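Descriptive analysis of the structure
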Amino acid sequence: MVGTANNGRMRHAFSVVNGEQEGGLNSAPPSNAGSEYGGFEFTREDVYALLCERMKYKNKFNYKERCENMMDYIKRLRLCIKWFQELEGSYLFEQEKLQNALDFAESRCAEMDLIVKNKEEELNLIIVELRKSLASLQEKLSKEESEKLAAMDSLAREKEARLTVEKSQASLSEELGKIQGELQNANQRITSVSDMYKLLQEYNSSLQLYNSKLQTDLDTAHENVKRGEKEKAAIVENLSTLGGQYMSLQDQFNSCKASVNEAAKQKDALVKEVASVRAELQQERCVSQSNQLKTLQDQLDAAQNKLRVSDLSAFEAKTEFEAQKKLICELQNRLEDAELKIVEGETLRKKLHNTILELKGNIRVFCRVRPLLPEDSPGADGKDVSYPTTTEALGRGIDLTQNGQKYSFTFDKVFMPDSTQEDVFVEISQLVQSALDGYKVCIFAYGQTGSGKTYTMMGRPGNPEQKGLIPRSLEQIFQTRQSLQSQGWKYEMQVSMLEIYNETIRDLLSTKDSSRIEYGSNGKQYTIKHDANGNTHVSDLTVVDVCSSREVSFLLDQASHSRSVGKTQMNEQSSRSHFVFTLRISGVNENTEQQVQGVLNLIDLAGSERLSKSGSTGDRLRETQAINKSLSSLSDVIFSLAKKEDHVPFRNSKLTYLLQPCLGGDSKTLMFVNISPDHSSLGESLCSLRFASRVNACEIGIPRRHANMRSFDSRLSLG
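Residues numbered from 1 in each chain as written. Predicted model: local features only at pLDDT ≥ 70, side-chain atom pairs only at ≥ 80, totals over all residues. Heavy atoms only, no water.

1. Topic: the side chain of Thr656
Here is the rule we go by: Elements are defined by DSSP. Helices are runs of H or I of four residues or more, strands are runs of E of two residues or more, and each kind is numbered from the N terminus. Pairs of residues are marked as contacts when any of their non-hydrogen atoms sit within 4.5 Å.
Residue placement: Thr656 occurs in helix H12 (residues 654-658). Beyond its immediate sequence surroundings of up to four residues, Thr656 is in contact with Ser633, Leu634, Val637, Pro649 and Phe650.

2. Overview of the sheet that holds strand E4 (residues 405-410)
Quick reminder of the rule: Two strands form a pair only when DSSP identifies at least two bridges running between them. Angles shown run from 0 to 180 degrees and are taken between the N-to-C directions of axes, each axis being a line fitted to C-alpha atoms and, for helices, limited to the stretch in contact.
Taken together, 3 strands build an open sheet; the order of strands is E2-E3-E4 and the sheet is antiparallel. Looking at the sheet topology across the chains shown, the edges are occupied by strand E2 (385-386) and E4. In the sheet, E2 pairs with strand E3 (residues 397-402) via 2 bridges, with the strands oriented antiparallel. Bridge pairing links Ser386 to Asp399 in E3. Where helix H14 (residues 682-697) meets the sheet, its contacts fall on E3 and E4, and the angle it forms with E3 comes to roughly 145 degrees.

3. Re the nonpolar core
Under the convention used in this document: We call a set of buried Ala, Val, Leu, Ile, Met, Phe, Trp, Tyr and Cys residues a nonpolar core when their side-chain atoms join them within 4.5 Å. The rule is simple: take the accessible area with a 1.4 Å probe, protein chains only, and divide by the maximum for that residue type; under 20% is buried, over 50% is exposed, in between is partly exposed.
Counting 50 residues, the largest nonpolar core has Cys367, Ile398, Phe411, Leu498, Leu605, Leu663 and Met671 as its most contacted members. Core analysis: the second largest hydrophobic core is formed by 41 residues, Leu431, Ile443, Met493 and Leu602 among them.

4. So, the packing of helix H6 (residues 421-436) against helix H8 (residues 469-483)
Each pair of packed helices can be described by the angle between their axes along with the distance between the axes. We count it as follows: In what follows, roughly perpendicular refers to angles from 65 to 115 degrees, roughly parallel to angles under 35, roughly antiparallel to angles over 145, and oblique to any angle outside these ranges. Note on convention: the crossing is left-handed when the near helix lies turned anticlockwise from the far helix by less than a right angle, right-handed when the turn is clockwise. Put simply, Ala, Val, Leu, Ile, Met, Phe, Trp, Tyr, Cys and Pro go in the nonpolar bin, Asp, Glu, Lys and Arg in the charged bin, and everything else, Gly too, in the polar bin.
H8 packs onto H6 with a crossing angle of 50 degrees between their chain directions and a minimal axis gap of 9 Å. What the angle tells us is that H6 and H8 run oblique. Crossing of H6 against H8: the hand is right-handed. Along its contact with H6, which presents Gln421, Glu422, Val424, Phe425, Ile428, Ser429, Val432, Gln433 and Leu436, the element H8 presents Leu469, Arg472, Ser473, Gln476, Ile477, Thr480 and Arg481. Of the residues assigned to the contact of H6 with H8, the class counts are 7 nonpolar, 6 polar and 3 charged.

5. Examining the environment of Phe650
Among the secondary structure elements, Phe650 is positioned in the loop between helix H11 (619-643) and H12. Note: C-alpha distance between Phe650 and Ile638 (12 residues apart in sequence) is 9.8 Å. Ignoring sequence-local partners within four residues, the contact set of Phe650 consists of Val637, Thr656, Tyr657, Gln660, Leu663 and Gly664.

6. Section: the pairing of strand E15 (residues 594-604)
The buried fraction of E15 is high, at 10 of 11 residues. Taken together, the 6 bridges between strand E6 (residues 440-447) and E15 define a ladder with parallel strand orientation. What sits directly across from Val441, in E15, is Leu600. Across 11 bridges, strand E14 (residues 578-589) lies against E15 in antiparallel orientation. Residue pairing for E15: Val588 is matched across the bridge by Gln595. Two elements, E15 and strand E17 (residues 707-708), share 2 bridges in a ladder whose sense is antiparallel. Among the inter-strand pairings, Val596 is bridged to a residue of E17, identified as Ala707.

7. Digging into a negative patch on the surface
For clarity, the threshold we go by: Surface patches are drawn from residues lacking salt bridges whose relative accessible area is over 30%; two like charges belong together within 9 Å, two nonpolar side chains (Val, Leu, Ile, Met, Phe, Trp, Tyr) within 5 Å. To measure how exposed things are, a 1.4 Å probe is used in the Shrake-Rupley method; for residues, cover is taken only from the protein chains shown. Salt bridge, as used here, is a side-chain nitrogen of Lys or Arg placed within 4 Å of a carboxyl oxygen of Asp or Glu. His is not counted, nor are the chain ends, whereas Lys and Arg count as positive and Asp and Glu as negative. Charge positions come from single atoms, namely NZ of Lys, CZ of Arg, CG of Asp or CD of Glu.
Taken together, the side chains of Glu174, Glu175, Glu316 and Glu320 present a region of like negative charge at the surface. Contributions of two or more residues to the negative patch are made by helix H4 (63-241) and helix H5 (250-360). Here Glu174 lies in helix H4. A residue is classified by how much of its surface remains accessible, and Glu174, at 55% relative accessible area, is exposed.

8. With respect to H14
Under the convention used in this document: One less than the residue count of a helix, multiplied by 1.5 Å, gives the span that helix is expected to have.
Taking 1.5 Å as the rise per residue, H14 with 16 residues should run 22 Å; its terminal C-alpha atoms sit 23 Å apart, in good agreement. For H14, the complete set of buried residues consists of Leu682, Glu684, Ser685, Leu686, Ser688, Leu689, Phe691, Ala692, Val695 and Asn696.

9. Some words on the packing of aromatic side chains
Cut-off, in case you're wondering: Stacked, edge-to-face and tilted are the three classes for Phe, Tyr and Trp ring pairs, Trp counted by its six-membered ring, which pair at centre distances within 6.5 Å; planes under 30 degrees apart are stacked, over 60 edge-to-face, the rest tilted.
A full pass over the atoms with the stated rule returns 7 aromatic pairs. For the ring pair Phe366 and Phe672, a centre distance of 5.6 Å and an interplane angle of 80 degrees mean the geometry is edge-to-face. Linking Phe366 in strand E1 (residues 364-369) with Phe672 in strand E16 (residues 668-675), this pair joins segments that are 306 residues apart in sequence. You'll find Phe366 and Phe672 in the same group, each marked buried. The interplanar angle of 35 degrees and the centroid separation of 4.6 Å between the aromatic rings of Tyr446 and Phe691 together place this pair among those described as tilted. Here Tyr446, found in strand E6, pairs with Phe691, found in helix H14; they are 245 residues apart in sequence, far enough to count as distant. Considered together, Tyr446 and Phe691 belong to a single accessibility category, that of buried residues.

10. Considerations on the pattern of salt bridges
Under the definition given, this model contains 8 salt bridges. In this structure, the salt-bridge partner of Asp72 is Arg76, at a minimum N-O distance of 3.4 Å. Pair noted here: Asp72 and Arg76 are both in helix H4, with a separation of 4 residues, about one helical turn. The class for Arg76 is partly exposed, based on a relative accessible area of 30%. Residues Lys490 and Glu590 are paired through a salt bridge, measuring 2.9 Å at the closest nitrogen-oxygen approach. In this pair, Lys490 is assigned in strand E7 (residues 489-501) and Glu590 in the loop between E14 and E15, connecting sequence segments 100 residues apart. The exposure class assigned to Lys490 is exposed, which follows from its relative accessible area of 51%.

11. Looking at the confidence of the model for the protein chain
The line we're drawing: Confidence of the prediction at every residue is given by pLDDT, a number between 0 and 100.
On average, residues of the protein chain score 76 in pLDDT, and 71% of them are at 70 or above. Low pLDDT, under 50, characterises residues 712-717; the predicted model gives this stretch 24 contacts beyond four residues in sequence or across chains.

12. Thoughts on a nonpolar patch on the surface
Side chains of Leu123, Ile126, Ile127 and Leu130 sit close together on the surface and give an oily, nonpolar patch of about 350 Å² of accessible area. Mapped onto the secondary structure, Ile126 falls in helix H4. The exposure class of Ile126 is partly exposed, given its relative accessible area of 43%.

Structure follows, in structure tokens:
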């Protein structure tokens, strides 16, 4: 018993050892030591002293005194033994109790291990199926992206071919103009050759007349020769008849003979001359005529050849022009098909991306970088923010450089400073359409003061090209509502607008000033309530039935004038409250009797800011503190959702409590993170991008379509 003591002291009683925590249990054995012996407890020194105690007697022969002392000593020994027995019994009872608890815990642990294994196997099967579906979807997405790249490459090649064809068409048009000019010159030459041919024909006819005249002269010369021969014969006859006169007429005869000889000579000369003239005439006629005709024929053949060549080249040019024109038409058709395929591919990509996000249940995040403004810090060149051009990060990545260190982020979409309001709205148009299909949709803008949140959501009044997402969404919804009437759909729409200012809800559509405080003199109390279906209601809030986008625009103007704004060093017109626009849609199809219930929430959050930069004092200071506190609560909610904690602090602020169905329910949620490229705002921009990355990684409930055959509750729900 002495050996059981620790550190030189006896062990305490069972109730003392356990800090009086187990001593009050009904299952513990009762202690008689406390009731019989006054609750003594023994230490090691007490027991050792008791064992080593020596009896002292005044008179050693006084047996009565010795007996009384011995009885007292025995009594104390019994008390010590009884105390040790009770302590041992309590220890045994506690050991048995702990053994039972250990056995029960081990059995429970075995059961929990079995349940965990079963759950783990089920989750592994679900994960395998989800991974397979994700792999197939990623394969389809990569296939679509490769097809998109191939289509873009073919489009670029077709554009280059189109430019080449246009250049060749222009050169062919110039050549055709030149050929047409040459053809006109050839036609003029042909006309001149025809005129020359006519002149040659006339000259030929004149030569023929001259030849006939020469032939007549030759015939006259022949007749003269014949007459001379006749005269010779008459002379010879006269000579023979006048033989008698021969002597007398000898002189005459000699003279006649000389004349005859001279006539013969003249005849021969005349014959020779006629022959030479005739030969010359024939030669001249043949040579000159043949040469001229040959020259003219050659010129005519050359002109005809040129004409044929020009006709052939013109025909070839025309044929090539028709072929090029046909090719251009074909390329234009292919270009249109390629553009259509690109649009269809982009639509399919968005649809697949939305499907993946719906399967994951993630919150979609778009990033928008505003342009540099004249009032930004001097020397700001926007080079602190860059955009990667790789295939995977094109249009989705953004890099921010601070103090020489580069931070890379990837979101669902990144809009560069040159993006227009129309470019931004095209990306969310299908999401807005979901509200008409019976989904809860929430779009909210987040970012520091002066980063362009209100411009993104509301736009610039009076400039149709710079309308924000809220007016464009309403125009699309009412246009689609009009087009669906032919299919039997009829829609009723209700609008409400509120702001959260200094943790106070204000009704922006109320006409009474007293309603602009949380507890007005009219007894209204704006409280947030969630029902069993996941809908959010704000009590006593003004709800207006609307039939056109013009009515909603009027209400937006009224709300914008009622909203709390203020001037700070960071923004001339800084929003000092969170603005919540809610459009509730109730649709009925008269043909199928189907009802859908959709909610569209468009939220412009107040901007986060640092007091050192904003220079806020007084009311602005209290507003800044309330804004930063609510945004900090939003961060806490996002972090809790990202870590999948059991408790999510939605009730820490009215903003997060109002957004609870959007952040943790079955809503389609999209966040715009707006950042400034100003160098002095890099710290806030980096914080905003990090927060947006956490938001993008959060998994919420899978969006669910709200369609039924029952009547629709008339109260407005935030969704």
